[in-house]
Amino acid sequence: MSSRARDVLARTQEADGSWKGDYGGPLFLSPVYVAGLYVMGRIPDARTRDGMLVHLRGHQNEDGGWGLDVESPSLVFTTVLNYVALRLMGVGADDPGLVRAREWFLPRGGPLGSGSWGKFVLALLGLYEYDGLDPAPPELWLLPRALPFHPSRLWCHCRMVYLPMGWLFGRRARAVETPLLAELRRELYPQPYADVDWKRARSRVAASDAYTPRSAWLRAVNRVLGFYERIHSKRLRARALDESLALIRAEDEATHYICIGPINKVLNTVVWHLARPDGPEVRAHLERLPDYLQHSPDGIKVNGYNSSQLWDTAFAVQALVASGQAEEARDTLARAGRFLEAEQVLEDPPHAARFYRHPSRGGWPFSTRAHGWPISDCTAEALKACLLLEPLGLNHVPRERLAQAVEFILSLRNRDGGWATYERQRGPRWLERLNPSDVFAGIMVDTSYVECTSACVQALVAWRRARPEASVGEAIARGVDFLRRTQRPDGSWEGSWGVCFSYGTWFAVSGLAAAGTRTQDPALRRAAAFLKAQQREDGSWSETVRSCRERRWVDGPTGHAVTTSWALLSLVATGDADSEATRRGVAWLRARQGADGRWPQEPLAGVFNRTCAIHYDAYLRIFPLWALSLAGAPERRGLPRSAI
Ligand code: LAN
């Protein structure tokens, strides 16, 4: 059983030792890519265009709209943007799919009902007026750094999207007019374009797009910024644009023009197209655009990141070692070990403090070293993997670089004892009330997460085991304390980057168990009871992204192998490996495996910002193997041995 799963994993490894797969799911990335190219007077090459058409058409919902991701109900934001993308790629307005899309979005106000990012992209294309946007003035960057709402305090993903947005807003950037754009202005709105009340349009948003309501605070800030926009000084604006451009350049150079994510990648490219047409920056950006393109059976899409390689590889190593078949998998593990070595970040970003970057030496990113943004938990999982490879003689990362990874993790500790994603928490929690995105939650502040905290705790414990002289005890204890404090009354933990309570609980209990929490501990008892209560009749567990949106466990119609694996791994960690629940879960997981050693595709297991699902291609090959290895074979269970 698990040997077939191990073979599948081994067979799907890349030549460089990593696992690299589809990281799609969101449906706002491809249209932003197409729109960005159009602003630069370009369209995707014929092959990319055809692949994108297949992908977008394939994911149009029954009702004619497009969701935030491939499984979500329709939003105006993604419906209008995908409609526009299809039109920009040559599809006619009378196309039946597009007719259905219009029937869906026109009664909802067209662009007027869209979440704010959609309006912004349309403004860039000249399909919406800047007067209809809440202001995003670049001058915010010139405020004193000490202010709690200085943009440098935003979560880096949010900050890096609003950085080029501010520049483009400050310049009122707009695509060169074409006949197609004029046609689109007629197609998109329920009323003639000239009749739109732009000021009123600012605060309008359709119910489908209003996940995070605009708070009274945000409305007040928008009024102040709106007033400023009317009276702003030209000289100050010029300075703010220069400062923004310097920050954009720093981001480009620190990431080798990959950029932190697909949205700022496209926006930064557009910025340079306008700031220095045909300049070296535009060329460097265009060369790196294909890094985001994913060719899959469902067409060509823009991935959510330049890849998830490092993350998947670190987990694959752990699953293979857990399988107890490390010798059989030796070549695979050796290649993976070399990949981990090759992708550790060895330098800090140039002038880190000037550009608001946390030092990055020693960290590991989610994807590749070139991407240049290491993350707390990616570093932790990679470090754990290296330490597992060490006794096998397959770790290639020198001692001092492992120590730098530990330093990096320690440097990211938050005051509450937990760990956030890329940086220490910089902004106050109340900044979240100024979230202007409508469609996402939790984008403003990088706060401590159960997943990141648990991964860091586990890595520090593994480090202490390998190097008993290390002084990491306090960091571990405070991390454990954070995990305990964030347990919910029902015994679960809410995950933020995977779906959802099964994911969060797996991390939390693994962290607690690694740190030596006894299986009788009430926190672990309550967690086990929670999971047992969620088990389905057939022995499986199932959770959907609605869990994240609604913040309560929501089952899908069938069991999921990945959810079941997380639940089983949790039960091993809580000391319930020999329970009836575990036996039934293992039996279900085994029965579900196909003759080819794989598990059938199932709904997306990844998520971000509480609303958007994302596909982790390797999870179905990693987690069932891992779970069967630990829960299905009592003699090989790593954690907590006392319970076996
Ligand atoms: C990711 C991918 C990796 C992920 C983990 C490392 C798995 C997680 O444990 C911490 C958070 C992190 C780094 C993460 C955060 C949000 C990201 C960057 C993404 C889910 C990939 C895409 C998403 C990004 C925000 C998408 C672009 C959209 C915006 C709202 C800016």
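Residues numbered from 1 in each chain as written. Predicted model: local features only at pLDDT ≥ 70, side-chain atom pairs only at ≥ 80, totals over all residues. Heavy atoms only, no water.

K.L.:
Quick question: what am I supposed to make of the overall build of the protein chain here?
P.N.:
Looking only at helices and strands, the protein chain has 25 helices and 6 strands in total. Scaling as 2.2 N^0.38, a compact globule of 644 residues should have a C-alpha radius of gyration of about 26 Å, and the protein chain matches this with 24 Å. Each principal axis of the C-alpha atoms in the protein chain carries an extent, and together these give about 75 × 50 × 45 Å. The buried share among the 644 residues of the protein chain stands at 65%. In the protein chain, the proportion of contacts linking residues at least 24 apart, taken out of those at least 6 apart, comes to 73%. If you sum the accessible surface of the protein chain, you get close to 23600 Å²; carbon and sulfur atoms cover 53% of it. Both charge centroids of the protein chain, one from 81 positive and one from 71 negative side chains, sit 4 Å from each other. (Helix = DSSP H or I, 4+ residues; strand = E, 2+ residues; numbered from the N terminus. Rg over C-alpha atoms; globule rule 2.2 N^0.38 Å. Buried < 20%, exposed > 50% of the residue type's maximum accessible area, 1.4 Å probe, protein only. Contact = heavy atoms within 4.5 Å. Areas by Shrake-Rupley, 256 points an atom, 1.4 Å probe, with all protein chains shown as cover. Lys, Arg positive; Asp, Glu negative; His and termini not counted. Charge placed at Lys NZ, Arg CZ, Asp CG, Glu CD.)

K.L.:
Help me understand the environment of Thr-574, please; the structure alone is not making it clear to me.
P.N.:
Relative to the assigned elements, Thr-574 resides in the loop between α23 (561-573) and α24 (580-592). Judged by relative accessible area, Thr-574 falls into the buried class, the value being 0%. Taking the C-alpha atoms as reference, Thr-574 lies 8.4 Å from Gln-520; in sequence the two are 54 residues apart. Polar side-chain contacts of Thr-574 include one of 3.1 Å to the backbone oxygen of Leu-571. (Polar contact = N/O pair within 3.5 Å; in protein donor to acceptor, adjacent residues only side chain to side chain.)

K.L.:
Where do I start with the pattern of salt bridges in this structure?
P.N.:
Side chains carrying opposite charge are able to pair once their charged atoms draw close together. The final tally for this structure, using the stated rule, is 37 salt bridges. Residues Asp-95 and Arg-57 are paired through a salt bridge, measuring 2.9 Å at the closest nitrogen-oxygen approach. Taken as a pair, Asp-95 in the loop between α4 (76-88) and α5 (96-105) and Arg-57 in helix α3 (residues 46-58) lie far apart in primary sequence, 38 residues in all. The exposure class assigned to Asp-95 is buried, which follows from its relative accessible area of 14%. Accessibility expressed as a relative area gives 38% for Arg-57, which makes it partly exposed. Note that Glu-494 is salt-bridged to Arg-488, the shortest N-O span being 3.8 Å. The class for Arg-488 is partly exposed, based on a relative accessible area of 24%. When salt bridges that share partners are traced, they join Glu-139, Arg-172, Glu-229 and Arg-237 into one network. (Salt bridge = Lys/Arg side-chain N within 4 Å of Asp/Glu carboxyl O.)

K.L.:
Can you help me understand the side chain of Lys-119 in this one?
P.N.:
If you trace the backbone, Lys-119 turns up in helix α6 (residues 116-125). Buried within the structure, Lys-119 lacks any salt-bridge partner; Asp-438 is the closest side chain of opposite charge, at an N-O distance of 6.1 Å. For Lys-119, the residues in contact, after removing those within four places along its chain, are Pro-111, Leu-112, Ser-114, Tyr-128, Gly-132, Leu-133, Ala-201, Arg-202 and Arg-204.

K.L.:
Just checking my understanding: could you explain the site of the ligand for this structure?
P.N.:
As a structural note, the neighbourhood of the ligand is formed by 20 residues, with Tyr-23, His-157, Gly-304, Phe-366 and Asp-377 the closest of them. Separating an oxygen atom of the ligand from a side-chain N or O atom of Asp-377 is a distance of 2.3 Å. Protein chains shield 99% of the accessible area of the ligand, which is 620 Å² for the free molecule. More than half of the atoms belonging to the ligand lie within 2 Å of the grid points that define the largest cavity. (Near = heavy atom within 4 Å. 1 Å grid on protein atoms, 1.4 Å probe; cavity = no way out; pocket = protein on both sides within 12 Å on 5 of 7 lines; lining within 4 Å. Sits in = over half its atoms within 2 Å of the grid points.)

K.L.:
It is not clear to me how the environment of Pro-138 should be interpreted in this structure. Could you clarify?
P.N.:
Relative to the assigned elements, Pro-138 resides in the loop between α6 and α7 (156-171). A C-alpha to C-alpha distance of 25 Å links Pro-138 and Val-34, two positions 104 residues apart in sequence. For Pro-138, the residues in contact, after removing those within four places along its chain, are Gly-166, Trp-167, Gly-170, Arg-237, Ala-240, Leu-241 and Ser-244.

K.L.:
Whenever I open this one, the packing of α7 against helix α12 (residues 262-275) confuses me. Can you help?
P.N.:
Each packed pair of helices is defined by two parameters, the angle between the axes and the distance between the axes. Two elements in contact, α7 and α12, have axes whose closest approach is 9 Å; the angle formed by their N-to-C orientations is 30°. Considered as vectors, α7 and α12 are oriented roughly parallel to each other. In this structure, the crossing between α7 and α12 has a hand that is left-handed. When α7 is examined against α12, the residues Met-160, Val-161, Pro-164, Met-165, Trp-167, Leu-168 and Arg-171 are found in contact with a partner set consisting of Ile-263, Asn-264, Leu-267, Asn-268, Val-270, Val-271, Leu-274 and Ala-275. For the contact of α7 with α12, the residue count by class is 12 nonpolar, 2 polar and 1 charged. (Axes fitted to C-alpha atoms, helices over the stretch in contact; angles between N-to-C directions. Parallel < 35°, antiparallel > 145°, perpendicular 65-115°, else oblique. Left-handed = near helix turned anticlockwise from the far one by under 90°. Nonpolar A, V, L, I, M, F, W, Y, C, P; charged D, E, K, R; others polar.)

K.L.:
What's the story with empty space enclosed by the protein in this structure? I'm lost.
P.N.:
To find leftover empty space, a probe the size of one water molecule is rolled over the atoms. Inspection of every chain in the model, using the stated rule, returns 6 cavities of 30 Å³ or more. Of the pockets and cavities examined, the largest cavity occupies roughly 600 Å³. As for the largest cavity, its lining consists of 34 residues, of which Trp-155, His-157, Tyr-305, Trp-497 and Phe-608 are closest to the centre. When residues of the lining of the largest cavity are traced back to their parent elements, those giving at least two are α7, α12, α16 (376-389) and β5 (606-608). Looking at which element gives the most residues to the lining of the largest cavity, the answer is α7, with 4 residues. In this structure, the second largest cavity spans a volume of roughly 70 Å³. If you go around the second largest cavity, the residues you meet are Val-562, Gln-601, Glu-602, Pro-603, Leu-604, Ala-605, His-615, Tyr-616, Asp-617, Tyr-619 and Leu-620. Across the lining of the second largest cavity, the residue classes break down as 7 nonpolar, 2 polar and 2 charged. (Points joined across faces, edges and corners; volume = space filled by probe spheres on them.)

K.L.:
Any chance you could explain the nonpolar core here in plain terms?
P.N.:
Note on soluble globular proteins: their nonpolar side chains tend to be buried together. Formed by 217 residues in total, the largest nonpolar core has its most connected members in Val-84, Leu-383, Tyr-619 and Trp-626. Ignoring anything within four residues of it in the chain, the contact list for Trp-626 reads Phe-315, Gln-318, Ala-319, Ala-322, Trp-506 and Leu-569. (Core = buried A, V, L, I, M, F, W, Y, C linked by side-chain atoms within 4.5 Å.)

K.L.:
Could you clarify how one ought to interpret helix α18 (residues 450-466) in this entry?
P.N.:
In an α-helix there are 3.6 residues to a turn, and that puts residues three or four apart on one side. Given a rise of 1.5 Å per residue, 17 residues ought to cover 24 Å, and the 24 Å separating the end C-alpha atoms of α18 matches this to within 8%. Counting buried positions over the 17 residues of α18 gives 14, a clear majority of the element. (Expected span 1.5 Å × (residues − 1).)

K.L.:
Got a minute to help me understand the packing of α16 against helix α17 (residues 399-411) in this structure?
P.N.:
Viewed as axis vectors pointing N to C, α16 and α17 meet at an angle of 150°, and their least axial separation amounts to 10 Å. It follows from the interaxial angle that α16 and α17 lie roughly antiparallel. In the crossing of α16 with α17, the sense of the turn from one axis to the other is left-handed. Two secondary-structure elements touch here, α16 through Ser-376, Thr-379, Ala-380, Leu-383, Cys-386 and Leu-387 and α17 through Leu-402, Ala-405, Val-406, Phe-408 and Ile-409. A per-class count over the contact of α16 with α17 returns 9 nonpolar, 2 polar and no charged.

K.L.:
Explain helix α2 (residues 29-39) to me, please; I cannot follow it from the model alone.
P.N.:
Counting buried residues in α2 gives 11 out of 11 residues, a clear majority hidden from the surface. Listed as buried for α2 are Leu-29, Ser-30, Pro-31, Val-32, Tyr-33, Val-34, Ala-35, Gly-36, Leu-37, Tyr-38 and Val-39. Phi for Gly-41, located one or two positions after α2, is positive at around 75°.

K.L.:
So what exactly am I meant to see when it comes to the pairing of strand β3 (residues 293-296) here?
P.N.:
Regular strands place side chains that alternate from one sheet face to the opposite one. Pairing geometry for β3 and strand β4 (residues 299-302), over 4 bridges, is antiparallel. Bridge pairing in β4 places His-295 opposite Ile-300. As consecutive antiparallel partners, β3 and β4 are separated by 2 residues. (Pairing = 2+ DSSP bridges.)

Any functional reading would require information beyond the geometric quantities listed.
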